[in-house]
Amino acid sequence: MPIERPCFHCGEPLPGGAPIYARLGCLNQPVCCVGCKAVAEFIHGSGLAAFYEHRSEPQAELRLRAELAAWDRYDREDLINRYVYRDGGTAEVTLDIGGIYCSACVWLLENALRRLDAIDELSINPATRRAVIRWDAGALRFSELLGAIARIGFKPQPIVAGLGADANASEQRTALRRLVVAAAAGMQVMMFAVALYAGARFGIETHIEQFLRIVSLLVSIPIVFYSARPFFVGALRGIRTGSPGMDLPVAVAIAAAFLASVRATLLGTGEIYFDSVAMFVLFLSAARYLEMRTRHRADDYTQALARLLPETATCVRNGDPLVVTLDEVRVGDTVLLRPGEVVPADGRVLSGELAIDESLLTGESVTVVRKAGMDVIAGSINRMGTATVEVSRTGAATSLAEIGRLLDRAKADRPRIALLADRIASRFVLAVIAIASATGVAWLGIDPSRAFEVVLATLVVTCPCALALATPAALAAAASRLARNGFLLVKSRVLEVLTREPIIVFDKTGTLTAGRPTIVETEVLAGGGDAARYLEIAAAIETCSEHVLARAFSRFHRSGAHETTTASAQPGCGVEAVVSGVRYRIGSLRYVAELGNSKPKSADADLDALTDVYLGDSSGILARFKIGDELRSDAAAAIAGLKRLGYGVMIASGDREAPVSAVAKALGIKDWHANLTPADKVELVSSLRERGMRVLMVGDGINDAPVLASADASIAVDAGTALARASADAIVLGRRLGSVVDAARLSIKTRQIIRQNVLWAIAYNLTAVPLAAFGALAPWMAAIGMSVSSLIVVANALRLQRPEPTPLHDRRTRGRAAASEKARA
C-alpha cells in the first residue's frame, strides 16, 4: 500500500514505486528521493537532528515542486549530452557551485554528497568553486544530483567542462550589485557619521543627533540585509552542520555591531557603529569581488577554449548544405568545412584536404594537414582547403571538452598541503571566537567602554581567508599557465613530486621517439610466403591495436580485404586475431613464438637499431617487420634541461637492447633498461621507490598504463591511448616533450609561491590578533587588514601566470621542430 505521508525532509509528496527511506537512528523515515535521503542522514549523523524540531513546517509545496521541475529539465537528452560526459554506466560533470566561500563549505558539501552511494569520485576547490563529480548514472539521475546539492543550500550550475563563461559572468554581476549597494549606502552612512563625530566634539542638538542616527539605521538596512547576505548565509550553513567557516566571525561582528547600534538608536543612548558596519561590508565585499575577478583570470585559458566553438555548423543533409545550431549536430552527421571555419565537433575527414591550426589545443603553431580518413578535433581552425567531415563525437564527449574537463579536474584537485590548510582554517575559526570572547571579558575589566569595538576588531581581523586561499589559488594559476603551454594537469601531485627531485623514467617508443613509425624492411621467414600479403594481414590485425607501432601498418590496410575477428591485445606483447579463419599473432618474438613453438634462425644475430615486429600463426613465425622511428625534435633539449634542473633520467622500454641503446646514446642517458614487459616496468618502479626514490613516469601506449599508475606521479603524451591517459596524472598535448621541462620549472616556482602565501597568512594572523586584542586596531582598520591579506595571497599566486622568457636553445629547438613539421606536411 503506498505511503500517504509527505517526504520527511522537504515535505514534497512521495512518488510512486518502491519507497525510499532515510535511516535516522532506529527509525526509517520516508523521503522522496536519494538526495533528501542523503541530506537527512547527514544532518542526523552530524548530531543536528534538532533541526527538524525547530524548523518551520515544510510549506510552499508549489515552490518546491517548481524547483524540482527546474532540475528535472536537466534529464533531457540534449542537456545531458551538453554537460555530462558518459563512459559506459559512469557519468562525469563539472559544476560551478554557488555559495562556496571557504573550506568549511567544501567540507559540508563533500560529506553530504559522499553519503550518496552512487557517487564514485568527488573533488571541489574553494578557490575556483569548481566541482568535478563522477557517479553511477544508473543509480542516480542528473537532476537528483543537482537537487541534492541545492537542498544542502548551494546553487549548482552545470557547465561544459572548462567552459564556464556564463557562470562567471553571472557571479560577477551579482557580486558587483552587492558591492555597489554597499559603496553607495556606505558613503551616506559615513557622511552622517562625520556629522555625529563633529557634534560629539563641538555640540549638537539632541533631536538632530537622533535624526541622524535614525537615517543611518535606515541606510544601513540594505547594506546588512542585501550586501552582507553572503556572509550570513555562509555562517548559518556552518552552524547547522557543526563546521563553522570563515564567514562566522565576520557575520557575528556585523550582526553584533548592527543590533547594538539599533538598540542604541531606539533607546536614544549609547554608541552606534553603523559606520563600522558599512566599512566592514564594503571592504570585505570589495576584497571578495577582487578575489573573484583574479580567480576568473585563472580561467583565461578555459574561456579561450569556450570562444573556440562556433555557434552554428553547416551540415550536409539530403545532399544540400544546411546551417544548424551547434546543439543540433549529431554523431554521424556530415559537416562541410570551408577555409577560415572552426571545426564544430570531433570527426573524420570523408573527402577533401585541410590545413588545420590546433595551436590553442596543443600549443604548437604549425598547421597540420588532414586528409581523407584522418581525424580532426573540435575547436581547431581550418586555415586552408574544403572538406566534408563525419561527426564522431559531440558536446561533452569531444576532445575540446576533455581538455576542459581535465583542466577543471586539476583545479578541483587539492593536495595534502591544501587539506591540511583546510583543517587548520576550520579549527582556527573556533579559536577566533574563543579569543574574541576572552578579549571581551578582559576589556570589560580594563575599559568597558572600549570592550565592544575591540571584540569587533578581533573577530574581523583574524578571519583566516588568506590561509584557506594560499594553496588552491596557486595551484589554479599554475594549472592554467601549464595548459597554455600544452601541459594538462589532472592531479596536482605531479607538481608535488617534481619539487622533490624525482628520477624521471621515460618509455622509448612514442615518448622519446616521434611516434611516426615506418616499416623499413619486410623479411619473409616462412618459405613460399608473400611479403605484400603478410603486410596486409598485419595491417588488418593492427587496426585492433592502439600501440604506437601499429601506425606503421596503417597505409597497408585495405578495407574489406581481410576479415578480422576475435581480436585481443596483450599489453606489452602484441595482438592475437583470427583473419579469414586463421589465427595469427603479431608483436614481440617471444609472444608470437608461443603460438607455433618456433623462432626465426636469424633473430639472435640481429643487432641493428631498428625495432622488430613479428607475424606468425600456428605453423610458426611467418615474417619480421623492421620498424624505424626518429627521435622527437626536442627530445635532446628536454633531457638536457631536466638534467640541468637536477633530475635523474632513465629509459625503461619493452624494445630490444640495440634500439634502446641507440636512443640512450643519442640523448646522453646512461641508465637504460630494455626487453621489459609491463610487469617488469612495474617491478622496476617499485624497486626504485623501495630505495627511497620518488619516481615520475612518462609514457605512451597501452602497455604503459600499469607503470603509469604505479609511479608516484605520471605523465602521458597526447599520442597515448585512452587507457594511458586515464592512468596518468598529467597529459602532454602536441609533440613538445619540452612541456615536461616547463612543468618542472613551474613546479619549483609554485612551491615557493605556496610557501610564501602560507607564511604570509600565518604571519599576518600572528601579528594582527595581538594588535586587535590590545585595542590598537579600530574595527574599520581590521576590515581593511583582513581584505588586503587575502588580496595579497591571490595576487602573489597570479605571478605564476606571467610568461617567462624562452631560453635561446628552446627557441632554436622549436624553430627546428616547426621546420620539420612543414617539411613533412
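Quantities reported herein were computed from a predicted structural model and do not represent experimental measurements.

Chemist: What should I look at first to understand the overall build of the chain in this one?
Modeler: Per the secondary structure count, the chain includes 29 helices and 29 strands. With 825 residues in all, the chain has 53% of them scored as buried. Carbon and sulfur atoms form 56% of the exposed surface of the chain, whose accessible area is close to 35,700 Å².

Chemist: Whenever I open this one, a nonpolar patch on the surface confuses me. Can you help?
Modeler: Together, I214, L218, I221 and F225 line one region of the surface with nonpolar side chains, adding up to about 380 Å² of accessible area. Here L218 is to be found in helix α8 (residues 206-227). Classification of L218 by relative accessible area gives exposed; the value is 53%.

Chemist: Looking at this model, I keep getting lost on the nonpolar core. Mind explaining?
Modeler: Among soluble globular proteins, nonpolar side chains are generally buried collectively. Among the nonpolar cores identified, the biggest contains 53 residues, and F487, L489, F506, L512, L642 and I715 are the most heavily contacted of them. The greatest single-element share of this core, amounting to 10 residues, is contributed by helix α17 (residues 465-484). Those residues in contact with I715 that sit more than four places away from it in its chain are F487, L696, M697, V698, G699, L708, A728, A730, V732 and V740. One finds V189, A257, A264 and V460 within the second-largest nonpolar core, a separate group that totals 48 residues.

Chemist: Teacher, can you tell me more about the confidence of the model for the chain here?
Modeler: Note: predicted coordinates in regions of low pLDDT should not be interpreted at a detailed level. In the predicted model, the chain carries a mean pLDDT of 77, and 78% of its residues have values of at least 70. Per-element confidence in the chain ranges from a low mean pLDDT of 44 for helix α29 (residues 808-824) to a high of 93 for strand β25 (residues 648-652). Here residues 56-66 scores under 50 on pLDDT; set against residues more than four positions off or in separate chains, the count is 9 contacts. This stretch, residues 806-825, has a pLDDT under 50; its non-local contacts, to residues over four places away or in other chains, come to 20 contacts.

Chemist: Help me understand helix α23 (residues 657-667) in this model?
Modeler: A turn of α-helix holds 3.6 residues, and therefore any two residues three or four places apart point the same way. Those residues of α23 that fall on the buried side of the exposure criterion are P659, V660, V663, A664 and L667. Mapping the buried residues of α23 onto a view down its axis gives an arc of 135°, with all of them on the same face. Exposed residues pointing more than 90 degrees away from the buried face of α23 are listed as E657, K665 and A666. For α23, the secondary structure elements touched by its buried residues are α19 (508-512), β23 (611-617), α22 (635-644), β25 and β26 (672-673). Following α23 by one or two positions, G668 has its phi on the positive side, about 75°.

Chemist: Would you explain helix α16 (residues 448-461) in this entry?
Modeler: The terminal C-alpha atoms of α16, which comprises 14 residues, lie 21 Å apart, in line with the 20 Å expected from a rise of 1.5 Å per residue. Of the residues making up α16, those classed as buried are A451, V454, V455, L456, A457, T458, L459, V460 and V461.

Chemist: Looking at this structure, how should I read the packing of aromatic side chains?
Modeler: Scanning the model with the defined rule gives 8 aromatic pairs in all. Summarising the aromatic geometry, the rings of W135 and F142 are spaced 5.9 Å apart at their centres and angled 20° between planes, so their arrangement reads as stacked. You can call W135 buried: its relative accessible area is 2%. Owing to a relative accessible area of 4%, F142 belongs among the buried residues under this scheme. An aromatic cluster is defined as three or more aromatic residues linked by ring pairs; in this entry it consists of Y74, Y83, W135 and F142.

Chemist: Looking at this structure, I do not really get the sheet that holds strand β15 (residues 381-384). What am I missing?
Modeler: One key point about sheets: their strands pair by backbone hydrogen bonds, in either a parallel or an antiparallel sense. Across the sheet, 3 strands lie side by side as β13-β12-β15; this open sheet has antiparallel pairing. With partners counted over all chains shown, the strands left at the sheet margins are β13 (368-370) and β15, one partner each. When the angles between neighbouring strand axes are averaged without regard to direction, this sheet yields 45°. With 3 bridges joining them, strand β12 (residues 354-357) and β15 adopt antiparallel strand pairing.

Chemist: What is the right way to look at the side chain of S227 in this model?
Modeler: Tracing the backbone through its elements, the reader meets S227 in helix α8. Residue S227 is classed as buried on the basis of its relative accessible area, which comes to 2%. At a separation of 2.7 Å, a polar atom in the side chain of S227 contacts the main-chain carbonyl oxygen of R178.

Chemist: Help me understand the environment of L79, please; the structure alone is not making it clear to me.
Modeler: Within the secondary structure layout, L79 lies in helix α4 (residues 77-83). Overall, the relative accessible area of 11% leaves L79 in the buried class. Separated by 317 residues in the primary sequence, L79 and A396 place their C-alpha atoms 10.0 Å from one another. Those residues in contact with L79, other than ones at most four positions away along the chain, are R73, Y74 and V84.

Chemist: What should I look at first to understand the pattern of salt bridges in this one?
Modeler: Working definition: two side chains of opposite charge can pair if their charged atoms are close together. Within the structure shown, the criterion is met by 22 salt bridges. Between R141 and D75 there is a salt bridge, with its nearest N and O atoms 2.5 Å apart. Of this pair, R141 sits in the loop between β6 (130-136) and α6 (142-152) while D75 sits in the loop between α3 (61-72) and α4, and the two are 66 residues apart along the sequence. We classify R141 as partly exposed; its relative accessible area is 42%. Taking the shortest distance from any N to any O, the salt bridge between R624 and D612 comes out at 3.9 Å. Residue R624 is found in strand β24 (residues 620-628), and its partner D612 is found in strand β23; the two are separated by 12 residues along the sequence. Neither residue differs from the other here; R624 and D612 are each classed as buried. Within the structure, one salt-bridge network assembled from shared partners comprises E523, D612, R624, K626 and R656.

Chemist: How do you make sense of the pairing of strand β20 (residues 564-570) when you look at a structure like this?
Modeler: Regular strands place side chains that alternate from one sheet face to the opposite one. Two strands pair when backbone bridges link them, and β20 and strand β21 (residues 574-579) are joined in this way by 5 bridges, in the antiparallel orientation. What sits directly across from T565, in β21, is V578. Between β20 and β21, which follow one another and run antiparallel, lie 3 residues, and G572 among them has a positive phi close to 80°.

Chemist: It is not clear to me how the packing of helix α10 (residues 247-267) against α16 should be interpreted in this structure. Could you clarify?
Modeler: If you want to describe how two helices pack, look at the angle between their axes and the distance between the axes. Running from amino to carboxyl end, α10 crosses α16 at an angle of 155°, the nearest separation of the two axes being 8 Å. By the criterion of interaxial angle, the relationship of α10 to α16 is roughly antiparallel. α10 and α16 meet at a crossing whose hand is left-handed. Facing P249, V252, A253, A256, A257 and A260 of α10, the residues of α16 in contact are F452, L456, L459 and V460.

Chemist: Looking at this model, I keep getting lost on the sheet that holds β25. Mind explaining?
Modeler: With mixed pairing, 7 strands are arranged side by side in an open sheet as β17-β29-β28-β27-β18-β25-β26. Looking along the sheet, the strands with just one partner apiece sit at the ends: β17 (487-489) and β26. Bridge analysis of strand β27 (residues 695-699) against strand β28 (residues 713-717) gives 4 bridges, and the strand direction is parallel. Counterpart to G699 in the pairing with β28 is A716.

Chemist: Would you explain unusual backbone geometry in this entry?
Modeler: The phi torsion of most residues other than glycine is negative, and most of the peptide bonds are trans. You will see that N318, though not glycine, has its phi angle at about 60°, which is positive. Inspection of the secondary structure assignment puts N318 in the loop between β8 (312-317) and β9 (320-325). Of note in the backbone geometry, S580 takes a positive phi value of approximately 50° without being a glycine. You can see S580 is positioned in the loop between β21 and β22 (582-587).

Chemist: Could you clarify how one ought to interpret the environment of E594 in this entry?
Modeler: Here E594 is to be found in helix α21 (residues 589-596). When the C-alpha atoms of E594 and G616 are compared, they prove to be 9.5 Å apart, with 22 residues separating the residues in sequence. A distance of 3.3 Å separates a polar atom in the side chain of E594 from a polar atom in the side chain of R585.

Chemist: Got a minute to help me understand the pairing of β27 in this structure?
Modeler: Counting buried positions over the 5 residues of β27 gives 5, a clear majority of the element. With burial as the criterion, each face of β27 is covered, one bearing V695, M697 and G699 and the other bearing L696 and V698. By the bridge criterion, 4 bridges tie strand β18 (residues 503-506) to β27 in an arrangement that is parallel. Bridge assignment links V505 to a residue of β27, and that residue is M697.

Analysis parameters
Residues numbered from 1 in each chain as written. Predicted model: local features only at pLDDT ≥ 70, side-chain atom pairs only at ≥ 80, totals over all residues. Heavy atoms only, no water. Helix = DSSP H or I, 4+ residues; strand = E, 2+ residues; numbered from the N terminus. Buried < 20%, exposed > 50% of the residue type's maximum accessible area, 1.4 Å probe, protein only. Areas by Shrake-Rupley, 256 points an atom, 1.4 Å probe, with all protein chains shown as cover. Patch = residues over 30% accessible without salt bridge, like charges linked within 9 Å, V, L, I, M, F, W, Y side chains within 5 Å. Salt bridge = Lys/Arg side-chain N within 4 Å of Asp/Glu carboxyl O. Core = buried A, V, L, I, M, F, W, Y, C linked by side-chain atoms within 4.5 Å. Contact = heavy atoms within 4.5 Å. pLDDT = per-residue confidence, 0-100. Arc of directions from axis to C-beta. Expected span 1.5 Å × (residues − 1). Phe/Tyr/Trp six-rings, centres within 6.5 Å; stacked < 30°, edge-to-face > 60°. Pairing = 2+ DSSP bridges. Axes fitted to C-alpha atoms, helices over the stretch in contact; angles between N-to-C directions. Polar contact = N/O pair within 3.5 Å; in protein donor to acceptor, adjacent residues only side chain to side chain. Parallel < 35°, antiparallel > 145°, perpendicular 65-115°, else oblique. Left-handed = near helix turned anticlockwise from the far one by under 90°.

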